[in-house]
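Descriptive analysis of the structure
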Amino acid sequence: MSSVKAMRASGRATISDVAKTAKTGKTSVSRYLNGEQHLLSDDLKRRIEQAIQQLDYRPSQMARSLKGGQTRLIGLILADITNPYSVDVMRGIEAACRQHGFTLLVCNTNNEVNQEQHYLQLLSSYRVEGIVVNAVGMREEALSTLQQSMLPMVLIDRKIPDFDCDVVGLNNHEAATTATEHLLQQGFEAILFLSEPIGTVNTRLERLHAFNQTMAQHADLLAERAETPLNDQQQLEQVLKHFNDGHRGMRKAVISANGALTLQVARAMRRLGIQWGSDIGLLGFDELEWAELAGVGITTLKQPTYRMGHAALEQLVQRIQGLDAPIGERMFSGELIVRGSTTR
């Protein structure tokens, strides 16, 4: 068996194998791999290149990164990867990672607080250079770990109470005000703000506050709010039926606080025989691919999710590179896309 075949049979080729095949030392091979080829003769470069091809040698990126003190890894912790919002944000982050030569490690907590702590520890063990977090509700232990590690971090969409960190997200007050005012302009007399359990999630709190503030200017109109778990279809149907039956003869509308919930609302309305647009108006945060295809179409408040993800990673890279500017927030404006579900 030839030396090359023996190497392939025994497993992955090493830098020593390349050096032996090219009849040179490991130092010369390392220089070739690390971009210092100007220090090598043309004949030596040719021999090393041929040896690499012959052995199908692939250097361990992790080993090289650790040796240089940089892993070129970025961690992303998402609250719910099934949410259309999360998918678009992730696309923006991943695109920016590629532009800057980073590899993205994605962790989905499925809205479970305990999973956040687990993934923070896991990403630290992988020696990521920074983290983008779409938080569920980190506990004191997790926050303490982060603060002690001094690991660069950017929050996207959701803030963490009492934790100073760069934040990139939607201008929720502006967006919810725009959505509510649109419904008022369309003559709706009773409006239900529907969300998942609000808790301390700042995005839901800010949208609800803007809704209440806008509706308070119209004392003759009815403003209601309800919270329902995303997977509790029975409770969601009860809320919608109560709202629909309790305000007969009035022009009614529902504001759904996120895209995943809007989908469940649309399904619940179909099961109840309620037609959005004619029986009840429907406006949902987050643009959904199917929104324009759903009967008369569903009005949405579109977030620039891809741009937000891209901006979050750009900010993180600056922190990794040593940016010492004060902690800040970058808020994006949303876009109201009007369809038949809310028009007269």
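For the structure, see preceding data.
The model shown is predicted, which means the values in this text are computed figures rather than measured ones. (Residues numbered from 1 in each chain as written. Predicted model: local features only at pLDDT ≥ 70, side-chain atom pairs only at ≥ 80, totals over all residues. Heavy atoms only, no water.)

Concerning the overall build of the chain
Convention followed: Helix and strand definitions here come from DSSP, where helices need a minimum of 4 consecutive H or I residues and strands a minimum of 2 consecutive E residues; each element is numbered from the N-terminal end. The criterion used for residue contact is that any of the two residues' heavy atoms lie within 4.5 Å. For every accessible area listed, the method is Shrake-Rupley and the probe measures 1.4 Å; residues are considered covered only by the protein chains on display.
Counting its secondary structure elements, the chain contains 13 helices and twelve strands. Relative to all contacts within the chain whose residues are 6 or more apart in sequence, the contacts with residues 24 or more apart total 70%. Of the accessible surface of the chain, which amounts to about 17,200 Å², a share of 47% is contributed by carbon and sulfur atoms.

What to know about the packing of helix α6 (residues 84-100) against helix α13 (residues 305-320)
Worth spelling out the cut-off: Here, axes are lines fitted to C-alpha atoms. For helices the fit covers the stretch in contact, and angles between N-to-C directions go from 0 to 180 degrees. If an angle is under 35 degrees, it is roughly parallel; if it is over 145, roughly antiparallel; if it lies from 65 to 115, roughly perpendicular; otherwise it is oblique. Helix crossings get a hand from a simple test, with the near helix turned counterclockwise from the far one by less than a right angle marking a left-handed crossing and a clockwise turn marking a right-handed one. Classes in brief: Ala, Val, Leu, Ile, Met, Phe, Trp, Tyr, Cys and Pro nonpolar; Asp, Glu, Lys and Arg charged; the others, Gly included, polar.
The contact between α6 and α13 brings their axes to 7 Å, and the two run at 40°. If you check the angle between α6 and α13, you find them oblique. Relative to α13, the crossing made by α6 is right-handed. For the pair α6 and α13, contact is made by Tyr85, Asp88, Val89, Arg91, Gly92, Ile93, Ala95, Ala96, Cys97, Gln99 and His100 and by Thr305, Tyr306, Met308, Gly309, His310, Leu313, Glu314 and Val317, respectively. Counted by class, the contact of α6 with α13 contains ten nonpolar, six polar and three charged residues.

Overview of the pattern of salt bridges
Opposite charge on two side chains allows them to pair when their charged atoms are near. The cut-off we apply is this: A pairing counts as a salt bridge when a side-chain nitrogen of Lys or Arg comes within 4 Å of a carboxyl oxygen of Asp or Glu. Categorising residues by exposure relies on relative accessible area from a 1.4 Å probe, with only protein chains included: less than 20% of the type maximum marks a residue as buried, more than 50% marks it as exposed, and the intermediate range marks it as partly exposed.
In this structure the tally under the stated criterion is 15 salt bridges. Between Arg98 and Glu94 there is a salt bridge whose closest N-O contact spans 2.9 Å. You can see Arg98 and its partner Glu94 sitting in helix α6, four residues apart, about one turn around the helix. Classification of Arg98 as exposed rests on a relative accessible area of 56%. Put simply, Lys159 and Glu329 hold a salt bridge, and the shortest N to O gap is 3.2 Å. You can see Lys159 sitting in the loop between β4 (153-156) and β5 (166-170) and its partner Glu329 sitting in strand β11 (residues 329-332), a full 170 residues away along the chain.

Points about the sheet that holds strand β3 (residues 130-133)
Note the following rule: For two strands to be treated as a pair, DSSP must find no fewer than two bridges joining them.
The strand order across the open sheet formed by six strands is β2-β1-β3-β4-β5-β11, and the pairing between neighbours is parallel. The open sheet has two edge strands, β2 (103-108) and β11, and neither has a second partner. Here the strands of the sheet are splayed against their neighbours by 15° on average, with no regard to which way each runs. Here four bridges tie strand β1 (residues 73-78) to β3, and the two strands are oriented parallel to one another. Paired with Gly75 across the strands is Ile131, a residue of β3. Sheet strands touched by helix α7 (residues 113-125): β1, β2 and β3. Its angle to β1, the strand with the most contacts, is close to 175°.

A closer look at the nonpolar core
The condition that has to hold: By nonpolar core is meant a set of buried Ala, Val, Leu, Ile, Met, Phe, Trp, Tyr and Cys residues that side-chain atoms within 4.5 Å join together. Domain ranges listed in this record stem from an automatic or a database domain assignment.
Core analysis: the biggest nonpolar cluster contains 42 residues, and Ile93, Val132, Ile191 and Leu313 have the highest contact counts within it. Lining this core are residues from two domains, each supplying at least three of them: domain 2 (73-170 + 306-332) and domain 3 (172-303). Excluding residues within four positions of it along the chain, Ile93 makes contact with Leu76, Leu104, Val132, Gly309, His310 and Leu313. Ranked by size, the runner-up nonpolar core spans 22 residues in total, among them Ala190, Val239, Phe243 and Ile298.

With respect to the packing of helix α11 (residues 233-246) against helix α12 (residues 259-272)
The interhelical angle for the contact between α11 and α12, taken along N-to-C directions, is 70°, at an axis separation of 10 Å. Judged by the inter-axis angle, α11 sits roughly perpendicular to α12. By crossing handedness, the relation of α11 to α12 is classed as right-handed. Contacts between α11 and α12 involve Gln233, Leu236, Glu237, Leu240 and Lys241 on the former and, on the latter, Gln264, Val265, Ala268, Met269, Arg271 and Leu272. Split by residue class, the contact of α11 with α12 holds six nonpolar, two polar and three charged.

Description of the sheet that holds strand β8 (residues 252-256)
Pairing within the open sheet is mixed, and its six strands lie in the order β7-β6-β8-β9-β10-β12. The sheet is open, and its two borders are formed by β7 (222-227) and β12 (335-337), each paired with just one other strand. Each adjacent strand pair in this sheet contributes to an overall mean axis angle of 20°, direction not counted. One ladder, built from five bridges, connects β8 with strand β9 (residues 280-285); its direction is parallel. Across the sheet, the residue bridging to Val254 is Leu282, located in β9.

Observations regarding the pairing of β5
Regular strands show a simple pattern: their side chains alternate between the two faces of the sheet. With respect to burial, β5 is a largely interior element, five of its five residues being buried. Alignment of β4 against β5, held across three bridges, turns out to be parallel. Looking across to β5, one finds that Val154 is bridged to Asp166. Across four bridges, the pairing between β5 and β11 is parallel.

Brief notes about helix α9 (residues 172-185)
What counts here: For a helix, the expected span equals 1.5 Å multiplied by the residue count minus one.
The end-to-end C-alpha distance of α9 is 20 Å, a good match for the 20 Å that 14 residues give at a rise of 1.5 Å each. Every buried residue of α9 is listed here: Asn172, Ala175, Ala176, Thr177, Ala179, Thr180, His182, Leu183 and Leu184. Residue Gly187 follows α9 closely and has a positive phi angle near 85°.

Some points on the side chain of Glu129
To be explicit about the condition: Neither His nor the chain ends contribute to the count of charged residues, in which Lys and Arg are positive and Asp and Glu negative. Here a polar contact is recorded for every N or O atom pair within 3.5 Å, except that within protein the pair must consist of a potential hydrogen donor and a potential acceptor, and residues adjacent in sequence are included only if both atoms are side-chain atoms.
Tracing the chain through its elements places Glu129 in the loop between α7 and β3. One buried charged residue, Glu129, forms no salt bridge at all, with the nearest opposite charge on Arg72 at 4.4 Å. At 3.2 Å, the side chain of Glu129 forms a polar contact with the backbone nitrogen of Thr71. Apart from residues no more than four positions distant in its own chain, Glu129 is found in contact with Gln70, Thr71, Arg72, Leu73, Phe102, Leu151, Pro152 and Ile320.

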